[in-house]
Amino acid sequence: MNPAFGRHDKIELTMQGVVTSPDDQVFEHLVRRQHAQSLEWGNVFSAPRGRGRSSVLQPVAKGWLFSGEVRYVRAEQTNQRQVFLTLSINPTRFAAYARRFNPDSVQALRAIEPHRLLQIDPDEQSALEAGALSDWDNYLPGDRWLSLVTQQWDELVALYVEAITRHIVTDFSRRSGAAYPMMERPQLILLPPTEQVPQLHHVEVHWEFPLDDARLSFAGLELALRAAAPNFEITEEYTLREGREASSKWLAINLRTGLSLKVYPKLSTRLRIEVTYNGRTRSVGDLVNPEFRFSEDLSFWQRLEHVRLDGARRLNHILAGLPNLARQEAANEMIELACAFAEITKRAKGDQDLIREVLTQLTIDGAIDARPRTSLLRVAKALAKAGVLEKVSLIERSSSQRYVLLEPLASTFHRFRDRLIHGGEG
């Protein structure tokens, strides 16, 4: 798996800063009333929670392409509060919404005001969710922007984080100025990632694959993952979990505490594989392989890149351990056979002798020869109607009717027969 094609999804981090104020009473008055002020972009933060004087907490308001909370903690200096801004961001989701501005590069987004970049557009949200297999808006439609933004991914993530911090600081400053226009007023300073590396709590990185039918391809990959699961459980202590979101089924491999790999169809024509690093019990830097561990001199952007490199390696390791049917061609064959077997079973109404006869003829000859007014002919006609077989005219005089397999099933059954004849080789 090429790391360069990986994109970060959900990221949880904490940034630090400070608020200076003439005195603590002025600060508290502002924080407890600023959400009631009207600005052209709406509230960034909701009403504060809690009544403690040592710490004030404000959640991020809804409607933005980020969530989280800010906590103001009393410092030793009476005119200061320490600031801890905990954010949940999603660069892929941000890139999806940025597409509505028709940028010709990531750099072009810098000309757009942060509050416009970061607001959730309801029309765009509806369009994105309508195109996915569940109510998802964290994917990039397959067009020029997808290719362009993937090539400039590091720049996009940096611009996204910068836009959030600028917007929060500007919002605080505007509200502070409106509340105290004629006097010294509280000021918020957030330390950018270049000055102080934010703490990472959670990182997701994913790779996506365009397919004709992602759900069918997922079924083939699921078979391979389940076949390999006993090996993983013994050698790597991996375990499988499964679930469903709307019309999209997912399968997850718990690699170890805090680390998991998830596979699911994102769109009807796109399969996503994502690796999640959850730093609740161990830091994200301790979850990556030793060569990608975070050193003190590693920048925030380098840490995100280390996670992406580690995710690519782990994904390649998992896929390399799968049986051959994990390969796309073999997976497609397995799917085609499974669909054909299901159709045959349905048309034969569960009659095992009839099913055996149909499969035997199809495997050996790639066709069904059936006499009139027989159950075998009834099944052959039904399979022809379903698009599995096609009736052909016989040159010799015969009361039988012949139905041959159509492509690609004809080739699939042919290879299946060869494997049986040669003992599973090929």
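Residues numbered from 1 in each chain as written. Predicted model: local features only at pLDDT ≥ 70, side-chain atom pairs only at ≥ 80, totals over all residues. Heavy atoms only, no water.

1. Here we look at the pairing of strand β2 (residues 55–59)
- Most of β2 sits inside the fold, with 4 of its 5 residues counted as buried.
- Across 5 bridges, β2 lies against strand β3 (residues 66–74) in antiparallel orientation. Residue Pro59 lies in a different strand from β3, and its bridge partner there is Glu69.
- Taking the residues between adjacent antiparallel strands as the criterion, β2 and β3 are bridged by 6 residues, where Gly63 takes a positive phi near 100 degrees. (Buried < 20%, exposed > 50% of the residue type's maximum accessible area, 1.4 Å probe, protein only. Helix = DSSP H or I, 4+ residues; strand = E, 2+ residues; numbered from the N terminus. Pairing = 2+ DSSP bridges.)

2. A few points about the packing of helix α11 (residues 352–365) against helix α12 (residues 375–385)
- Between α11 and α12, whose axes approach to 10 Å, the crossing angle comes to 60 degrees. Between α11 and α12, the crossing angle belongs to the class labelled oblique. Considering how the two elements wind past one another, α11 and α12 form a crossing that is right-handed. Residues Leu354, Glu357, Val358 and Gln361 of α11 pack against Ser375, Leu376, Arg378, Val379 and Leu383 of α12.
- Its residues assigned to classes, the contact of α11 with α12 shows 5 nonpolar, 2 polar and 2 charged. (Axes fitted to C-alpha atoms, helices over the stretch in contact; angles between N-to-C directions. Parallel < 35°, antiparallel > 145°, perpendicular 65-115°, else oblique. Left-handed = near helix turned anticlockwise from the far one by under 90°. Contact = heavy atoms within 4.5 Å. Nonpolar A, V, L, I, M, F, W, Y, C, P; charged D, E, K, R; others polar.)

3. Here's the deal with the environment of Pro193
- Locating Pro193 in the fold gives a position in the loop between β5 (187–190) and β6 (199–210).
- We classify Pro193 as buried; its relative accessible area is 11%.
- Remark: the alpha-carbon pair of Pro193 and Gln16, spanning 177 residues in sequence, is separated by 9.4 Å.

4. Some words on the confidence of the model for the protein
- In this model, the protein carries an average pLDDT of 85, and 89% of its residues clear a pLDDT of 70 or more.
- When the elements of the protein are averaged for pLDDT, helix α10 (residues 328–347) gives the smallest value, 68, and helix α2 (residues 91–98) the largest, 97. (pLDDT = per-residue confidence, 0-100.)

5. A word on the pattern of salt bridges
- Applying the stated criterion across every chain, the model contains 21 salt bridges.
- As a salt-bridge pair, Arg308 and Glu305 come within 2.8 Å of each other at their nearest N and O atoms. Residue Arg308 and its partner Glu305 are both found in helix α9 (residues 300–320); the two are separated by 3 residues, about one turn of the helix.
- The partly exposed category is assigned to Glu305, whose relative accessible area is 21%.
- By sharing partners, the salt bridges in this structure join Arg7, Asp9, Glu208, Arg270, Arg272 and Glu274 into a single network. (Salt bridge = Lys/Arg side-chain N within 4 Å of Asp/Glu carboxyl O.)

6. With respect to the sheet that holds strand β11 (residues 367–370)
- Read across the sheet, 3 strands follow the order β11-β13-β12 without closing on themselves; strand pairing throughout is antiparallel. Of all the strands in the sheet, the pair left with one neighbour each is β11 and β12 (389–392). Averaged over all pairs of adjacent strands, the angle between strand axes in this sheet comes to 25 degrees, irrespective of strand direction.
- Judged from the 4 bridges that link them, β11 and strand β13 (residues 401–405) form a sheet pairing that is antiparallel. Note that in β13 the partner of Ala367 across the bridge is Val404.
- Sheet strands in contact with α11 are β11, β12 and β13, and its direction is about 125 degrees off that of β11.

7. Quick look at the packing of aromatic side chains
- Evaluated as defined, the whole model comprises 5 aromatic pairs.
- Geometrically, the ring pair formed by Phe300 and Trp301 is edge-to-face, given 5.0 Å between the ring centres and 70 degrees between the ring planes.
- Note on Phe300: relative accessible area 1%, which makes it buried.
- For Trp301, a relative accessible area of 29% corresponds to the partly exposed category.
- If you follow Lys262 out to its NZ or CZ, it ends over the ring of Tyr264, 5.3 Å from the centre. (Phe/Tyr/Trp six-rings, centres within 6.5 Å; stacked < 30°, edge-to-face > 60°. Lys NZ or Arg CZ within 6 Å of the ring centre and 35° of its normal.)

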